Amino acid sequence: MTTGRKQTEDAEDFRLFVQGIADSLHRTAYLLCGDWHLADDLVQEALAKTYSHWRKVQRADNPTAYVRRILINESRRGRRRNVAQLGADVPELAVADMSDSVVNRAELLQALQSLTARQRATVVLRFLEGLSERETAAILRCSEGTVKSQTSRALIKLKSVLDQDEN
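Bear in mind the structure is a predicted one, so any value in this text is a computation, not a measurement.

1. Some thoughts on the overall build of the protein chain
Consideration 1: When helices and strands are counted, the protein chain shows eight helices and zero strands.
Consideration 2: Tracing the protein chain from N to C terminus, the helices and strands come up as α-α-α-α-α-α-α-α.
Consideration 3: The 167 residues of the protein chain split such that 37% are buried.
Consideration 4: Long-range contacts, defined as pairs at least 24 residues apart, comprise 66% of the intrachain contacts of the protein chain with a sequence gap of at least 6.
Consideration 5: Only carbon and sulfur atoms are counted for the fraction: they give 50% of the accessible area of the protein chain, which is about 10100 Å².

In structure tokens, the structure reads:
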């Protein structure tokens, strides 16, 4: 097989992989950072790194988990680069009669931003992406016990923040 042919096959495999995971990556990125534009940038960075290491990613036990790990690392790097916490201030809604679900979503996003990066990642992966403790631990490269403790702390913090918003 010629090198050009293998590169074409790799590019097609990558394209198909991205089609299958892109929506989930965008959702995860948004929940990690609270800003759609930054989420798009995070996904693009993660996919660029994925493509540059595509053969290694393909050989991974779980390529999707591998790419999620890249995305989470990019999210953390982005937070370190920016002094201000991104997405912390959710703008006031211009229309007063929006549905409760929109208001609740904005409050949840703001509450997620109050968590540490690791706590936010565990909550997003466990509850919003539906991953198991084992899968979350593999992506975050930590023990299942750490996932459990970070999740517990995150849920306590979320409850506290959301309860404050109600008062």
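And the narrative resumes.
2. Regarding the packing of aromatic side chains
Consideration 1: Scanning all chains against the criterion turns up four aromatic pairs.
Consideration 2: Residues Phe-14 and Trp-54 carry aromatic rings whose centres are separated by 5.2 Å and whose planes lie at 80° to one another, so their mutual orientation is edge-to-face. Of the two residues, Phe-14 sits in helix H1 (residues 3-33) while Trp-54 sits in helix H3 (residues 54-59), which places them 40 residues apart along the sequence. Note on accessibility: Phe-14 and Trp-54 belong to one class, buried.
Consideration 3: A centroid spacing of 3.9 Å and a plane angle of 5° characterise the contact between Tyr-30 and Trp-36, whose relative ring orientation is stacked.

3. Regarding helix H2 (residues 36-52)
Given 3.6 residues per turn, any residue in an α-helix points the same way as the ones three and four places further on.
Consideration 1: Spanning 17 residues, H2 covers 24 Å between terminal C-alpha atoms, matching the ideal 24 Å at 1.5 Å per step.
Consideration 2: All of the buried residues in H2 are Leu-38, Ala-39, Leu-42, Val-43, Ala-46, Leu-47 and Thr-50.
Consideration 3: Backbone nitrogen of His-37 and a side-chain oxygen of the N-cap are separated by 3.0 Å at the start of H2; the cap is Asp-35.

4. Topic: the packing of helix H6 (residues 117-128) against helix H7 (residues 133-140)
Consideration 1: With their axes 10 Å apart at the nearest point, H6 and H7 run at an angle of 140° to one another. With respect to each other, H6 and H7 are oriented oblique. Every pair of crossing elements has a handedness; the one defined by H6 and H7 is right-handed. In contact with Arg-118, Ala-121, Thr-122, Leu-125 and Arg-126 of H6, H7 contributes Glu-133, Thr-136, Ile-139 and Leu-140.
Consideration 2: Taken together, the residues of the contact of H6 with H7 sort by class into four nonpolar, two polar and three charged.

5. Some words on the nonpolar core
Consideration 1: Core analysis: the largest hydrophobic core is formed by 41 residues, its most contacted members being Leu-25, Leu-71, Ile-72 and Leu-112.
Consideration 2: Contributing elements (two or more residues each) for this core: H1, H2, H3, helix H4 (63-81), helix H5 (100-113), H6, H7 and helix H8 (144-166).
Consideration 3: Here this core takes 11 residues from H1, the largest share from any one element.
Consideration 4: Contacts of Ile-72, omitting those with residues within four sequence positions, involve Leu-32, Ala-121, Leu-125, Ile-139 and Leu-140.

What counts as what
Residues numbered from 1 in each chain as written. Predicted model: local features only at pLDDT ≥ 70, side-chain atom pairs only at ≥ 80, totals over all residues. Heavy atoms only, no water. Helix = DSSP H or I, 4+ residues; strand = E, 2+ residues; numbered from the N terminus. Buried < 20%, exposed > 50% of the residue type's maximum accessible area, 1.4 Å probe, protein only. Contact = heavy atoms within 4.5 Å. Areas by Shrake-Rupley, 256 points an atom, 1.4 Å probe, with all protein chains shown as cover. Phe/Tyr/Trp six-rings, centres within 6.5 Å; stacked < 30°, edge-to-face > 60°. Expected span 1.5 Å × (residues − 1). Polar contact = N/O pair within 3.5 Å; in protein donor to acceptor, adjacent residues only side chain to side chain. Axes fitted to C-alpha atoms, helices over the stretch in contact; angles between N-to-C directions. Parallel < 35°, antiparallel > 145°, perpendicular 65-115°, else oblique. Left-handed = near helix turned anticlockwise from the far one by under 90°. Nonpolar A, V, L, I, M, F, W, Y, C, P; charged D, E, K, R; others polar. Core = buried A, V, L, I, M, F, W, Y, C linked by side-chain atoms within 4.5 Å.

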